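Summary of structural features
Below are the chains, spelled out letter by letter.
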Amino acid sequence: MAPRLQLEKAAWRWAETVRPEEVSQEHIETAYRIWLEPCIRGVCRRNCKGNPNCLVGIGEHIWLGEIDENSFHNIDDPNCERRKKNSFVGLTNLGATCYVNTFLQVWFLNLELRQALYLCPSTCSDYVMGDSIQEEKDYEPQTICEHLQYLFALLQNSNRRYIDPSGFVKALGLDTGQQQDAQEFSKLFMSLLEDTLSKQKNPDVRNIVQQQFCGEYAYVTVCNQCGRESKLLSKFYELELNIQGHKQLTDCISEFLKEEKLEGDNRYFCENCQSKQNATRKIRLLSLPCTLNLQLMRFVFDRQTGHKKKLNTYIGFSEILDMEPYVEHKGGSYVYELSAVLIHRGVSAYSGHYIAHVKDPQSGEWYKFNDEDIEKMEGKKLQLGIEEDLAEPSKSQTRKPKCGKGTHCSRNAYMLVYRLQTQEKPNTIVQVPAFLQELVDRDNSKFEEWCIEMAEMRKQSVDKGKAKHEEVKELYQRLPAGAEPYEFVSLEWLQKWLDESTPTKPIDNHACLCSHDKLHPDKISIMKRISEYAADIFYSRYGGGPRLTVKALCKECVVERCRVLRLKNQLNEDYKTVNNLLKATVKGNDGFWVGKSSLRSWRQLALEQLDEQDGDVDQSNGKMNGNTLNKEESKEERKEEEEELNFNEDILCPHGELCISENERRLVSKDAWNKLQQYFPKAPEFPSYRECCSQCKILEREGEENEALHKMIANEQKTSLPNLFQDKNRPCLSNWPEDTDVLYIVSQFFVEEWRKFVRKPTRCSPVSSVGNSALLCPHGGLMFTFASMTKEDSKLIALIWPGEWQMIQKLFVVDHVIKITRTEVGDVNPSETQYISEPKLCPECREGLLCQQQRDLREYTQATIYVHKVVDNKKVMKDSVPELNVSSSETEEDKEEAKPDGEKDPDFNQIMHAFSVAPFDQNLSIDGKILSDDCATLGTLGVIPESVILLKADEPIADYAAMDDVMQVCMPEEGFKGTGLLGH
């Protein structure tokens, strides 16, 4: 198929030899490309937009042939959301709540805790009617215990693959978008649960937290002098084990219990000796709980950065842990077996993902709980290898140690849960109370209804898809028109009809119409010619219009296009002719005035005008399938077109007459004008005898007179005030001249504007008034003191000699007289000099001006602030203000950008990089005031541009280079402040 440009030429080639009045129906159909052959599938690879008969590649390929039913819908199989047989139920991650989900699964698989929670009575008396549940009312748990009850019941007997814990999370007041410290959450929730259950009457419920998780140890201090032993008993719910410098869990436990020496400044006060003595202190384990939680302290505070960091070191631990060597009272049962490993994936303490490996106490099989996904481990074995591989790589990554049978190594485990070994087998099943089971059954019924609804929606989509498939297969074969009656339909509509992802809208052909409400010839490239049979079916099923039959071929547009094409072909010849005619000399009054700019570009203007008449392909006078033109854009385009000058409008004056400037126009012969007029029949016509605009002549004369007047005024004023103009021999307040006792004041703005006028009187307007009101307050008082006018305010005023003032009064309108008078007072020799202003200073307005200036100084987004670092703690007192001896004058010249709402200011992390002092160790001050409010802005702290902040470090950091390896930019931690975990 020929390219689109060649098709365009072929469709209109006949216009070169046919006059507009000779255009026939055959010519019209040729222009609309009816003659082109239709394309054949398999031969034509893509749609030929220039060929209205090409119906290949418009989206039909997805319908021809056999189609998979699943392509007719985008609804997943609802059975994929169903709980698998012999598997557990997952929990939805609400954003950053994976740390909550891991602990919920660990606590759920503690059968004793689950059973005790089921025994808690419900407080929802208005929801329960006898032994049944109100059908029309949704269940809303009122307490944390009720939330946990309902959640555990769903985890136990729900048919869903995963459930939503948002009610439980909302009840705790947790921020679902912020990841919190998992270990802190565990402690706070256990404390909250214990406090809540303490009000229960049933001792099996009231004491379940203590029975399962609570142990006891003693802080034992022994005096080295008298041997007196002091004990401080304490309960614990988990043991916090330091892992730094250790490779095995047993080493961490030994360090936790190791003996500490109290010597020197840290000596112990012995009540028996009644004095400070050297002593030893250690922790003794007195009793251990059934469930032993071992917190591995992976997240530690880094003093250098002031933030937490994660220790990604390997720790080895065994599946069987014998705690008898570590307890004080021997002989009991202290053998524990591993029941859960909580994992934090990621190298940062502020990001990552939490998962849990938990052992089913009934089957002994290990499961990995990863939010919604539950995976069963093979062979009843704990497998952590894949979790360690997912850790982010680092430059100094250590190799994983080899682990023997029954032992494991992890660099991501942050909590180990061990259960006390017993000979008794756990209960086969924990029964869900009838009340909770009925709630679960109701939720399961809703889930089954949802599955049925989704399946029905899938079936409906498949049925619609099959019907559409049959429709396309039937109609696509009948689309080609051939020799039978035909109509035109937009290509865009046909493509949307074949697009399975969008519903088919009514046919809209308005965008393809010309000004005669027929099919525009230029729109044929976006139209397709189809059979009348197919068109009848389309309009009967989808509606729309207008229908474009053979009668819609626009003869008027084709005739106009023929005329324009003939003019275009003639343009080059006429261009040469006009150039030759312009060389001839115009005699008498036979010529015509033409703008020089128009003559230079007349061929381009003619071509553009012909293109506009020809009709631009991209123009549209309507809309297609709901896509309308942008009205604002079209208005702007029309405005720009109107502002562009048409032919010979460049010699029009503002009054629409011939301009007075002969430099902008040229006289051409009558023959040349007639030839140009063929292309620009509406151009302004000015015969050579036409007079120029009379109004412009008057204005020109007035302008010349005004320029002459301005020059005269400027020359007079310059001669009268030569020193003021040249800025020579000016008086100064700080060095008052001896030959006068009076000086006058005007605003510096008046002087500068006057000098501009004197330098360029024809371009600037003359200055008529002094404008001294700008220097006075609304009460008529002066805004400046004598001292300020000698310093910071001297740039706002200009001092005038008395002789110059007399001349200013003659040349300008003086609204207010402002002067300074020098007087001598007192009898002492030399006498005291006073300076009196007229009008006098207004103290109130002056104070307001100073306050506003101070506010302006403190409101900025970019400034240079200097920071001086103090060394050796040396101070020099001067005028009651500490002036510290500094070691350098290094500056913080990185200009801060405007900060978004909520960002802390000042950012003292910049100081950390400049001076190697972490924010934790910084003591900053300005003018003796300590800067301690991190939430304040620099301005509110009194730090203005060019200020000097003094920095004193608590202690120097020797190895600052290592800081970049662990430093992270983090928002300050809020923890669980404001949540329900701290409400008790």
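Conventions used here
The residue numbers shown here count from 1 along each chain, following its written sequence. Restriction of local features to residues with pLDDT of at least 70 applies here, the model being predicted, together with a cutoff of 80 or more for giving and counting side-chain atom pairs; totals for whole chains, interfaces and linings are based on all residues. Heavy atoms throughout the structure, all of them, feed into the side-chain values; hydrogens and water do not. A run of H or I in DSSP counts as a helix once it spans at least four residues, and a run of E counts as a strand once it spans at least two, with each numbered from the N terminus. Summary of the burial criterion: residues with accessible area below 20% of their type's maximum are buried, those above 50% are exposed, and those between are partly exposed, where the area comes from a 1.4 Å probe applied to protein chains only. Every residue pair with non-hydrogen atoms within 4.5 Å of one another is taken to be in contact. The method behind every accessible area is Shrake-Rupley, applied with a 1.4 Å probe, and residues are considered shielded solely by the protein chains displayed. By the convention used here, strands pair only if DSSP detects at least 2 bridges between them. Fitted lines through C-alpha atoms give the axes, limited to the stretch in contact for helices. The angle between two N-to-C directions lies from 0 to 180 degrees. Only one rule defines a salt bridge in this text: a Lys or Arg side-chain nitrogen within 4 Å of an Asp or Glu carboxyl oxygen. Under this scheme an angle from 65 to 115 degrees is roughly perpendicular, one under 35 degrees roughly parallel, and one over 145 degrees roughly antiparallel; angles in between are oblique. Crossings are sorted by hand: turned counterclockwise from the far helix by less than a right angle, the near helix makes the crossing left-handed, and turned clockwise it makes it right-handed. Lys, Arg, Asp and Glu make up the charged group, whereas Ala, Val, Leu, Ile, Met, Phe, Trp, Tyr, Cys and Pro make up the nonpolar group; the residues left over, Gly among them, are polar. Stacked, tilted and edge-to-face are the three classes assigned to paired rings of Phe, Tyr and Trp, where Trp is represented by its six-membered ring and a pair needs centres within 6.5 Å; plane angles under 30 degrees give stacked, over 60 edge-to-face, the rest tilted. Within this scheme, the nonpolar core is defined by two criteria: the residues are buried Ala, Val, Leu, Ile, Met, Phe, Trp, Tyr or Cys, and they are joined through side-chain atoms within 4.5 Å. Delimitation of the domains relies on an automatic or database domain assignment. Comment: arc refers to directions from the helix axis out to C-beta atoms. Each residue gets a pLDDT score, which is the predictor's confidence in that residue and runs from 0 to 100. Think of a patch as exposed residues, more than 30% relative accessible area, with no salt bridge, where like charges cluster within 9 Å and nonpolar side chains (Val, Leu, Ile, Met, Phe, Trp, Tyr) cluster within 5 Å. Charged residues are defined here as Lys and Arg on the positive side and Asp and Glu on the negative side; His and the ends of the chain fall outside this count. Charged side chains are reduced to one point each, which is NZ for Lys, CZ for Arg, CG for Asp and CD for Glu.

This next bit is on the overall build of the protein. What the protein contains, in helices and strands, is 27 helices and 38 strands. The buried share of the protein, taken over its 984 residues, is 42%. Sequence separation of 24 or more characterises 73% of the internal contacts of the protein that already satisfy a separation of 6 or more. Entry remark: accessible area of the protein is about 54900 Å², with carbon and sulfur atoms responsible for 48%.

Bringing the sheet that holds strand β5 (residues 215–223) into the picture now. Spatially, β6-β5-β11-β8 is the arrangement adopted by the 4 strands of the open sheet, whose pairing is antiparallel. Every other strand in the sheet has two partners, leaving β6 (229–236) and β8 (260–262) as the edge strands with one partner each. The mean inter-strand angle of the sheet, taken between neighbouring strand axes irrespective of direction, is 25°. Across 3 bridges, β8 lies against strand β11 (residues 279–287) in antiparallel orientation. In the strand pairing of β11, Lys261 is matched with Thr280.

Side chains that differ in sign of charge can pair as their charged atoms come close. Applying the stated rule across the entire model yields 25 salt bridges. Notably, a salt bridge pairs Glu112 with Arg419, separated by 3.0 Å at the nearest N-O pair. You can see Glu112 sitting in helix α4 (residues 111–118) and its partner Arg419 sitting in strand β22 (residues 413–420), a full 307 residues away along the chain. Lys697 is paired through a salt bridge with Glu691; the nearest N and O atoms lie 3.7 Å apart. With relative accessibility at 56%, the residue Glu691 sits in the exposed group. Taken together, the salt bridges that share partners define one network made up of Glu229, Arg284 and Glu328.

All right, on to the packing of helix α15 (residues 555–583) against helix α19 (residues 670–679) then. The axes of two packed helices give the description: the angle between them and the distance between them. In the contact formed by α15 and α19, the axes pass within 10 Å of each other and the chain directions differ by 155°. Considering the angle they form, α15 stands roughly antiparallel to α19. Taken as a pair, α15 and α19 cross one another with a handedness that is left-handed. Residues Leu567, Gln570, Leu571, Asp574, Thr577, Val578, Leu581 and Leu582 of α15 touch α19, and the partners they reach there are Asp671, Ala672, Lys675, Leu676, Gln678 and Tyr679. Grouping the constituent residues of the contact of α15 with α19 by class yields 8 nonpolar, 3 polar and 3 charged.

Moving on to the environment of Leu113. Residue placement: Leu113 occurs in helix α4. Along the chain, Leu113 and Gln212 lie 99 residues apart, while their C-alpha atoms are 7.6 Å from each other. Leave out the neighbours within four places in its chain, and Leu113 touches Trp107, Leu193, Ile208 and Phe213.

A word on the packing of aromatic side chains. In the structure shown here, the tally under the stated rule is 32 aromatic pairs. Aromatic side chains Phe447 and Trp450 sit 6.0 Å apart centroid to centroid with 20° between the ring planes, which places their arrangement in the stacked category. Residue Phe447 and its partner Trp450 are both found in helix α12 (residues 434–478); the two are separated by 3 residues, about one turn of the helix. Given the relative accessible area of 2%, Phe447 is considered buried.

Within the open sheet, the 4 strands sit side by side as β30-β29-β31-β32. Their pairing is antiparallel. The two strands at the open ends of the sheet, each matched to only one other strand, are β30 (797–800) and β32 (832–838). Along the sheet, successive strands turn relative to each other by an average axial angle of 30°, direction set aside. Examined bridge by bridge, strand β31 (residues 819–825) and β32 share 7 bridges and lie antiparallel to one another. The residue bridging Val825 from the neighbouring strand is Glu832, located in β32. Here helix α22 (residues 748–759) sits on the sheet in contact with β29 (742–747) and β30, set at roughly 70° to β29.

On to the nonpolar core. Counting residues in hydrophobic clusters, the biggest one holds 65 residues, and the most contacted among them are Phe185, Phe189 and Leu193. Of all the elements, helix α5 (residues 144–157) adds the most residues to this core, at 9 residues. Structurally, this core is a two-domain feature, drawing no fewer than three residues from each of domain 2 (76–123 + 140–200 + 431–454) and domain 3 (212–383 + 403–418). Not counting chain neighbours up to four residues away, the residues in contact with Phe185 comprise Tyr99, Val100, Phe103, Trp107, Leu172, Leu174, Phe976 and Leu981. With 36 residues, the next largest nonpolar core counts Leu285, Ile315, Val327 and Ala413 among its residues.

This part covers helix α24 (residues 802–811). All buried positions along α24 are accounted for by Glu804, Trp805 and Ile808. On an axial view of α24, the arc spanned by its buried residues comes to 100°, and they lie on one face. Exposed and oriented more than 90 degrees from the buried face of α24 are Gln806 and Lys810. For α24, the elements touching its buried residues are α21 (722–726), β29 and β30.

We now examine unusual backbone geometry. Across the junction of Gly545 and Pro546, the peptide omega takes the value -5°, indicating a cis bond. With respect to the element layout, Pro546 can be found in the loop between β26 (544–545) and α15. Here Asp517, not a glycine, exhibits a phi torsion of approximately 60°, which is positive. In this structure Asp517 comes out as exposed when scored by relative accessible area, which is 59%. For Asn729, which is not a glycine, the phi torsion comes out positive at approximately 55°. Along the chain, Asn729 falls in the loop between α21 and β29.

A separate point is the confidence of the model for the protein. Averaged over all residues, the pLDDT of the protein is 80; the fraction at 70 or higher stands at 82%. Counting interchain partners and residues more than four positions distant, the pLDDT-below-50 stretch residues 875–906 has 62 contacts. Note on residues 956–972: pLDDT is under 50 here. Beyond four places in sequence and across chains, it has 27 contacts.

This paragraph deals with the packing of helix α20 (residues 694–720) against α22. Two elements in contact, α20 and α22, have axes separated by 8 Å at closest approach and are oriented at 125°. Considering the angle they form, α20 stands oblique to α22. Where α20 crosses over α22, the handedness of that crossing is left-handed. Between α20 and α22, the contacting residues are His710, Ile713, Ala714, Gln717 and Lys718 on the first element and Trp754, Phe757 and Val758 on the second. Considered class by class, the residues forming the contact of α20 with α22 number 5 nonpolar, 2 polar and 1 charged.

Let's shift gears to a negative patch on the surface. On the surface, a cluster of negative charge is made up of Glu700, Glu702, Glu704, Glu705 and Glu707. Following the sequence through the fold, Glu705 ends up in helix α20. Using a relative accessible area of 56% as the deciding quantity, one classes Glu705 as exposed.

Where strand β13 (residues 299–302) and strand β14 (residues 307–310) come together, 4 bridges link them in antiparallel fashion. In the sheet register, Asp302 faces β14, and the bridge partner there is His307. Between β13 and β14, which pair antiparallel one after the other, the connecting turn spans 4 residues, and Gly306 there sits at a positive phi close to 75°.

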